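Below, each chain spelled out in residue letters.
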Amino acid sequence: MHAGVQTRLTQELEQFKRDGVYKRLNHLDSPQAPRVTMEGRGEVVILSSNNYVGLSNTPEVVAAGKAALDRYGAGTASVRFICGTFTIHRDLEAALARFVGTEASLSYVSCWNANEGLFATLLNDQDIVISDQLNHASIIDGIRLAKVIGKCDTAVYKHSDMADLEVKLRDAREHRTRLVVTDGVFSMEGDIARLADILELARRYDSVVAVDDSHATGVLGATGRGTAEHCGVLGEVDILTSTLGKALGGAAGGFVASSAAVCDYLTQRARPQLFSNALPCTVAGSALAAVRHLEAHPELITRLHENARYFREQLIARGFKPLPGETPIIPVILGETAKAIQMSELLLEAGVFVTGFGYPVVPQGEARVRCQVSAAHTRDDLDRALAAFTTVGRKLGLV
Ligand SMILES: Cc1ncc(COP(=O)(O)O)c(C=O)c1O
């Protein structure tokens, strides 16, 4: 390695450690589950995973991944249009479209990739994308790319502020296409997009709406179909992107769900489709089983909602002030990054794994520990975590 670069990076890493913002990776030696085996720690309750309904270790989901591995092999061997598309991809894409209520869907190796491919493919210099201020990094980077590749215009509206969105839409009247994009559930806040209002405004200004439902697919709505189901507008969103790697339990993977024309256009032109391998078949197999499992077991979604409500209420009863909301993402704001990391370390010592988030993932001064509840947590798991919160909260003078 070049000596100058090596020295600079090492110095910066040392500074991260002195500032208390260095991220230490925790190694797990068991599947993702409500309790995991962590190297050097033994069994801990995990309260910071996206395994919202416990599917990442559900026997049918694991078995389907193994069956797909046996049937289709380990590698996809190239890009879909170059060396063939596996039937399991077609089956998965049909199941995903059915589940989220769109005509078609198109899989990617991650939702990051899906977002990266979306804006740059659909928009050019006659168009504008209007994005919520707190949208996920993958949307922000996807838009940056679109600005460079397609030379589209961009605007940002204040978080969930419909008056500001309307100003931005009015200002964009001359553009050919106005694309409004929002997270369905904002991952660091746990709040839900005002989707019915966004759709109403978008219709008024003849605009297109895209929603990244990564934290909502398999989570929100009575049957887990996402933000649109929660907001009573299922089937009305123009374009959805989402991940297979959170509630759907997958090792990775993402998708776009929309009209057949949008998915076909992305197949023709989206750079991650044209220049990167397809989703591994084993992952597609697991994801397909996960969708079928969720369709057959809506009670998992009910349990997830009950667990989230219980944990939130109990935190408040114990003197914590989590951000208000109704999703399984329950952040407790602590201020400085070092404080969030300290709380997370103390919780881990008490047998509970909750990650602390600081700048630049969240704004300066708004560091937090972010709890994520799963349908797979038992009351006993949640009560153990709550007891640890009380002990650590008292130690830090928070409650
Ligand atoms: C809103 C949102 N979009 C996209 C992603 C990226 O998903 P993936 O892991 O499938 O790339 C995430 C993951 O953190 C997310 O929270």
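Computed from a predicted structure; not experimentally measured.

So, how was this worked out
Residues numbered from 1 in each chain as written. Predicted model: local features only at pLDDT ≥ 70, side-chain atom pairs only at ≥ 80, totals over all residues. Pairing = 2+ DSSP bridges. Helix = DSSP H or I, 4+ residues; strand = E, 2+ residues; numbered from the N terminus. Contact = placed C-beta atoms within 7 Å. Axes fitted to C-alpha atoms, helices over the stretch in contact; angles between N-to-C directions. Parallel < 35°, antiparallel > 145°, perpendicular 65-115°, else oblique. Left-handed = near helix turned anticlockwise from the far one by under 90°. Nonpolar A, V, L, I, M, F, W, Y, C, P; charged D, E, K, R; others polar.

Participant: Got a minute to help me understand the sheet that holds strand β2 (residues 42-46) in this structure?
Facilitator: Through backbone hydrogen bonds, the strands of a sheet pair up, either in parallel or in antiparallel fashion. The 3 strands lie next to each other as β1-β2-β11, forming an open sheet whose pairing is mixed. The open sheet has two free edges, formed respectively by β1 (35-38) and β11 (352-353), since each of these has just one partner strand. Summarising the sheet, β1 and β2 pair through 4 bridges and their orientation is antiparallel. What sits directly across from T37, in β2, is E43. Against the sheet, helix α15 (residues 379-395) contacts β1, β2 and β11, and its axis sits at roughly 95° relative to β2.

Participant: What should I look at first to understand unusual backbone geometry in this one?
Facilitator: When glycine is set aside, most residues are seen to have a negative phi, and most peptide bonds are trans. Note that the residue after Y359, namely P360, is joined by a cis bond; omega there is 10°. Its place among the elements puts P360 in the loop between β12 (356-357) and β13 (367-372). One non-glycine residue, A77, lies in the positive phi region at around 70°. In this structure, A77 sits in the loop between α2 (59-72) and α3 (80-83). With a phi close to 55°, S160 is a non-glycine residue in the positive phi region.

Participant: Would you mind going over the packing of helix α14 (residues 337-349) against α15 with me for this structure?
Facilitator: The relative placement of two packed helices is expressed as an angle between their axes plus a distance between the axes. In the contact formed by α14 and α15, the axes pass within 9 Å of each other and the chain directions differ by 135°. When the axes of α14 and α15 are compared, the pair comes out oblique. Between α14 and α15 the crossing geometry is right-handed. Counted together, M343, L346 and L347 of α14 and A388, V392 and K395 of α15 form the full contact between these two elements. Broken down by class, the residue content of the contact of α14 with α15 amounts to 5 nonpolar, no polar and 1 charged.

Note that all results are geometric; they support no functional claim without further evidence.
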